[in-house]
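Analysis of the macromolecular model
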Amino acid sequence: MKQHLIVLDLDGTLLTDNQKILEKTKNTLFKAMDAGHQVMIATGRPFRASQLYYNELKLTTPIVNFNGALVHHPKNKSWQTVHTPVDLRVVYDVVDSVDKYQYENLIAEVMDDVFIHQENSPMMDMFKMGDPRVTIGNLKGSLNEDPTSLLIHAEEEKVQLIRDHLEDVHAELIEHRRWGAPFHIIEIVKKGLSKAVGISLIAKEMNIPRERIIAFGDEDNDLEMIDYAGIGVAMSNGIAQLKNIANEITASSNNEDGIANFLIDRLKL
């Protein structure tokens with residue numbers, strides 16, 4: 001069988017709800033790699049919060065972090081890193097414009113430096129994963145360089161209101177995506193970025209055509225990736241919007257080896 005590029009989202013896709021990779025899924029991915037296929041991760045997470053799984057799968061491929069704002073190769077220092085941050089002035093404008101929505105918190109990330117608008121203990125553990133340098137304080141005073149991404153944490157019922165506002169006021173400058181539970185977060189990156197942008201760059205270098213890309217996802221930050229891949233696969237636990245555009249839907253969820261079962265059948269593993 002010709003070489004395929006298998007692209008994995010993390011949360012809700014590769015990972016169970018308990019943030020684990022199931023043994024069957026892990027072993028199936030090892031079999032795929034032994035058969036000559038390439039496996040990579042494309043996630044909204046920063047690298048420090050995805051490195052654990054990158055290492056667990058013994059990957060040697062580039063990775064897409066921050067929903068396409070950072071594309072790099074952890075194992076190859078000569079591979080040209082592509083980092084595309086948001087203009088700081090745009091971030092300041094967004095911070096000012098969302099004040100009226102009484103959000104829970106704002107978090108800006110500059111690669112592996114984290115800037116948190118106000119201390120919020122339930123979220124602190126998540127953003128301290130990988131031991132980054134953390135600065136707490138008003139972003140307009142503490143953040144002084146273009147961030148890789150900006151996150152808005154809000155109550156669930158306010159998320160769509162804020163996204164509608166971002167679309168009305170800032171659509172020409174930013175992309176915004178919604179995270180799933182447990183935290184209701186809007187992630188903002190520079191306009192034109194998505195996981196698909198990073199994947200296309202990596203696939204081109206690997207000389208793997210689009211029709212042989214199998215991508216798995218579950219949330220709205222996977223829409224472009226699933227649409228771009230020759231075989232875009234929505235998880236059975238994924239959102240309806242993603243399932244509507246996917247080529248296929250897994251028969252089982254992220255908690256039931258959905259990826260493994262699909263690959264065993266599709267790649268004859």
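The name recorded for the protein chain in an unreviewed UniProt entry is HAD family phosphatase, from Ureibacillus endophyticus.

Strands sit in the order β3-β4-β5 across an open sheet of 3 strands; the sheet is antiparallel. Where the open sheet ends on each side, the last strands, each with one partner, are β3 (63-65) and β5 (82-83). Of the strand pairs in this sheet, strand β4 (residues 70-72) and β5 are connected by 2 bridges, and their pairing is antiparallel. Pairing of Val 71 across the sheet is with Val 82, part of β5. In the packing of helix α8 (residues 195-206) onto the sheet, the strands contacted are β3, β4 and β5, and the crossing angle to β3 comes to about 160 degrees.

When two helices pack together, their arrangement is given by the angle between their axes and by how far apart the axes lie. Remark: helix α4 (residues 88-97) packs on helix α7 (residues 156-170), axes separated minimally by 11 Å, with the N-to-C direction vectors making an angle of 130 degrees. The angle between the axes of α4 and α7 places the two elements in the oblique class. Taken as a pair, α4 and α7 cross one another with a handedness that is right-handed. Contact residues: Asp 93, Val 94 and Ser 97 in α4; His 165, Leu 166 and His 170 in α7. The class makeup of the residues in the contact of α4 with α7 is 2 nonpolar, 3 polar and 1 charged.

Turning next to the side chain of Asn 67. For Asn 67, the location among the structural elements is in the loop between β3 and β4. Filtering out sequence-adjacent residues up to four positions away, Asn 67 remains in contact with Thr 43, Gly 44, Glu 187, Leu 193, Ser 194, Lys 195 and Asn 221.

The next thing to look at is the sheet that holds strand β12 (residues 213-217). With parallel pairing, the 5 strands of this open sheet are ordered in space as β2-β1-β12-β13-β14. This sheet does not close on itself; its edge strands, each paired only once, are β2 (38-41) and β14 (248-249). The sheet contact formed by strand β13 (residues 231-234) and β14 spans 2 bridges and is parallel. From the neighbouring strand, Ala 234 faces β14, where its bridge partner is Ile 249. Contacts between α8 and the sheet are confined to β1 (5-8), β2 and β12, with β1 contributing the most and set at about 155 degrees to the helix.

A separate point is the domain arrangement of the protein chain. By domain assignment, the protein chain separates into domain 1 (5-82 + 193-267) and domain 2 (88-190). For domain 1 and domain 2, the distance between their C-alpha centroids amounts to 24 Å. Roughly 1500 Å² is buried in total at the junction of domain 1 and domain 2, and carbon and sulfur atoms are behind 52% of that figure. Considering only the side of domain 1, the residues that lose the most area to domain 2 are Arg 48, Phe 66 and Leu 193, jointly responsible for 47% of the buried surface there. For the pair domain 1 and domain 2, the interface holds 4 salt bridges. When the shortest N-O distance is used, the salt bridge between Arg 48 and Asp 112 registers 3.2 Å. In terms of residue class, the side of domain 1 that touches domain 2 is built from 6 nonpolar, 3 polar and 5 charged.

The subject of this paragraph is the pairing of strand β9 (residues 149-153). In terms of burial, β9 is largely enclosed, as 5 of its 5 residues are buried. Side chains of β9 alternate between two faces, with Ser 149, Leu 151 and His 153 and Leu 150 and Ile 152 buried alike. Bridge count for strand β6 (residues 105-110) against β9 is 5 bridges, and the pairing is antiparallel. In the strand pairing of β9, Leu 106 is matched with Ile 152.

Here we come to the nonpolar core. The biggest cluster of nonpolar side chains holds 25 residues, and the ones touching the most others in it are Ile 6, Leu 8, Leu 14, Leu 29, Ile 214, Phe 216 and Leu 263. Among the elements of the structure, β1, α1 (10-14), α2 (23-34), β2, α3 (51-56), β12, β13 and α11 (258-266) are those that each provide at least two residues to this core. Among the elements that line this core, the one with the most residues is α11, at 3 residues. Counting 24 residues, the second largest nonpolar core, distinct from the first, contains Tyr 101, Ala 108, Leu 150 and Ile 162.

The end-to-end C-alpha distance of α2, which contains 12 residues, comes to 16 Å, matching closely the 16 Å that a straight helix rising 1.5 Å per residue would cover. Along α2, the residues that are buried comprise Thr 25, Lys 26, Thr 28, Leu 29 and Ala 32. Here the buried residues of α2 occupy an arc of 165 degrees about the axis, which is enough to place them on one side. Among the exposed residues of α2, those pointing more than 90 degrees away from its buried face are Lys 31 and Asp 34. Next to the buried residues of α2 lie β1, α1, β2, α3 and α11.

Conventions adopted
- Residue positions are counted from 1 within each chain, in the order its sequence is given.
- The predicted origin of the model limits local features to residues at a pLDDT of at least 70 and limits the giving and counting of side-chain atom pairs to 80 or more, whereas totals for whole chains, interfaces and linings rest on all residues.
- The side-chain quantities take in all heavy atoms of the structure and omit both hydrogens and water.
- Here a strand pair is declared whenever DSSP counts at least two bridges between the two strands.
- Numbering of helices and strands starts at the N terminus; helices are DSSP runs of H or I of at least 4 residues and strands are runs of E of at least 2.
- Residue contacts are defined here by distance: any two heavy atoms, one from each residue, within 4.5 Å place the two residues in contact.
- Angles run from 0 to 180 degrees between N-to-C directions of axes, and those axes are lines fitted to C-alpha atoms, restricted for helices to the stretch in contact.
- Angular relationships are summarised with four words: roughly parallel below 35 degrees, roughly antiparallel beyond 145, roughly perpendicular across 65 to 115, and oblique for the angles in between.
- With the far helix as reference, a near helix turned anticlockwise by less than a right angle produces a left-handed crossing, and one turned clockwise produces a right-handed crossing.
- In this classification, Asp, Glu, Lys and Arg are treated as charged, Ala, Val, Leu, Ile, Met, Phe, Trp, Tyr, Cys and Pro as nonpolar, and every other residue, Gly included, as polar.
- Where a domain begins and ends is set by an automatic assignment or by a domain database.
- Computed with a 1.4 Å rolling probe, the buried area is the accessible surface lost when two parts are put together, summed over both parts.
- Here, a salt bridge means any Lys or Arg side-chain nitrogen found within 4 Å of an Asp or Glu carboxyl oxygen.
- When a residue's accessible area, from a 1.4 Å probe over protein chains only, is under 20% of the maximum for its type it is buried; when over 50% it is exposed; and in between it is partly exposed.
- Grouping buried Ala, Val, Leu, Ile, Met, Phe, Trp, Tyr and Cys residues that are joined through side-chain atoms within 4.5 Å yields what is termed a nonpolar core.
- The length a helix should cover is 1.5 Å for every residue beyond the first.
- What the arc measures is the spread of directions leading from the helix axis to the C-beta atoms.

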